[in-house]
Amino acid sequence: VQLQASGGGLVQAGGSLRLSCAASGVTFSTWAVGWFRQAPGQEREYVAGIGRSGTNTYYADSVKGRFTVSRDTAKNTLYLQMNSLRPEDTAVYHCAASRSVITSSLADPKYYHNWGQGTQVTVSS
């Protein structure tokens, strides 16, 4: 399994970015996929993802209404559209995949065994 995240950058508050995660060895219809982020000195936190059913999406409260997670099964790529960005969204964003995580554990990074390398998102005020 390989996950390659891209699309990060520097943006002003209120701006938008779209992250991509190209996946190989992952079956989107049966694996859970998600985005996590980690700011300096903080724990890795769940941002958004799609469960193993392949249809249900989940979001952290802090990003609901601003971020949208989606996937393109033909391209085997996961996306995170981030709008109305805030300085507190600044972090390294990682994509992750799991073939076994259950819905109630989607937000717990220890249940994901496949990770991308991360892409830096910096939001200036």
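About the thresholds
Residues numbered from 1 in each chain as written. Predicted model: local features only at pLDDT ≥ 70, side-chain atom pairs only at ≥ 80, totals over all residues. Heavy atoms only, no water. Disulfide = S-S within 2.5 Å. Helix = DSSP H or I, 4+ residues; strand = E, 2+ residues; numbered from the N terminus. Buried < 20%, exposed > 50% of the residue type's maximum accessible area, 1.4 Å probe, protein only. Pairing = 2+ DSSP bridges. Axes fitted to C-alpha atoms, helices over the stretch in contact; angles between N-to-C directions. Phe/Tyr/Trp six-rings, centres within 6.5 Å; stacked < 30°, edge-to-face > 60°. Lys NZ or Arg CZ within 6 Å of the ring centre and 35° of its normal. Core = buried A, V, L, I, M, F, W, Y, C linked by side-chain atoms within 4.5 Å. Contact = heavy atoms within 4.5 Å. Polar contact = N/O pair within 3.5 Å; in protein donor to acceptor, adjacent residues only side chain to side chain.

Asks: Which residues make up the state of the cysteines, and what are the values?
Replies: Here a disulfide denotes one covalent bond, and it connects the sulfur atoms of two cysteines. Per the stated rule, a full pass over the model turns up one disulfide. Here Cys21 engages in a disulfide with Cys95; their sulfurs sit 2.1 Å apart. Between Cys21 and Cys95 the disulfide shows an S-S torsion of about 70°. By sign, it is right-handed. Here Cys21, found in strand 3 (residues 17–24), pairs with Cys95, found in strand 9 (residues 91–98); they are 74 residues apart in sequence, far enough to count as distant. The pair Cys21 / Cys95 is uniform in exposure class, with both members buried.

Asks: Outline the sheet that holds strand 7 (residues 67–72), supporting the account with residue identities and numerical values.
Replies: Strands sit in the order 1-3-8-7 across an open sheet of four strands; the sheet is antiparallel. This sheet does not close on itself; its edge strands, each paired only once, are strand 1 (2–6) and strand 7. The sheet shows a mean angle of 15° between the axes of neighbouring strands, direction not considered. Pairing geometry for strand 3 and strand 8 (residues 77–82), over six bridges, is antiparallel. Bridge pairing in strand 8 places Ala22 opposite Thr77.

Asks: Please provide a residue-by-residue account of the packing of aromatic side chains, values included.
Replies: What the rule picks out here adds up to four aromatic pairs. On the numbers, 5.3 Å between centres and 75° between planes, the contact of Phe36 with Tyr46 is edge-to-face. Residue Phe36 is located in strand 4 (residues 32–38), and its partner Tyr46 is located in strand 5 (residues 45–50); the two are separated by 10 residues in the primary sequence. Grouping residues by exposure puts Phe36 and Tyr46 together as buried. An aromatic cluster is defined as three or more aromatic residues linked by ring pairs; in this entry it consists of Phe36, Tyr46, Tyr112 and Trp115. The ring of Tyr79 has Arg18 sitting right over it, with the charged end atom 4.0 Å from the ring centre.

Asks: Let's hear about the nonpolar core: which residues, and what values?
Replies: Counting residues in hydrophobic clusters, the biggest one holds 30 residues, and the most contacted among them are Trp35, Leu78, Leu80, Met82 and Tyr93. Elements with a minimum of two residues in this core: strand 1, strand 3, strand 4, strand 5, strand 7, strand 8, strand 9 and strand 11 (119–124). Not counting residues within four places of it along the chain, the set of residues in contact with Met82 comprises Gly15, Ser16, Leu17, Leu19, Arg66, Phe67, Tyr93 and Val121. The next biggest cluster of nonpolar side chains, apart from the first, holds seven residues, and it includes Tyr46, Ala96, Leu106 and Tyr112.

Asks: How would you explain the environment of Tyr46 if you had to name every residue and give the values?
Replies: Judged by relative accessible area, which is 10%, Tyr46 ranks as buried. When the C-alpha atoms of Tyr46 and Lys75 are compared, they prove to be 24 Å apart, with 29 residues separating the residues in sequence. In contact with Tyr46, other than residues within four places in its own chain, are Trp35, Phe36, Tyr58, Ala60, Leu106, Ala107 and Tyr112. One polar contact links the side chain of Tyr46 to the main-chain amide nitrogen of Gly49, over a distance of 3.0 Å.

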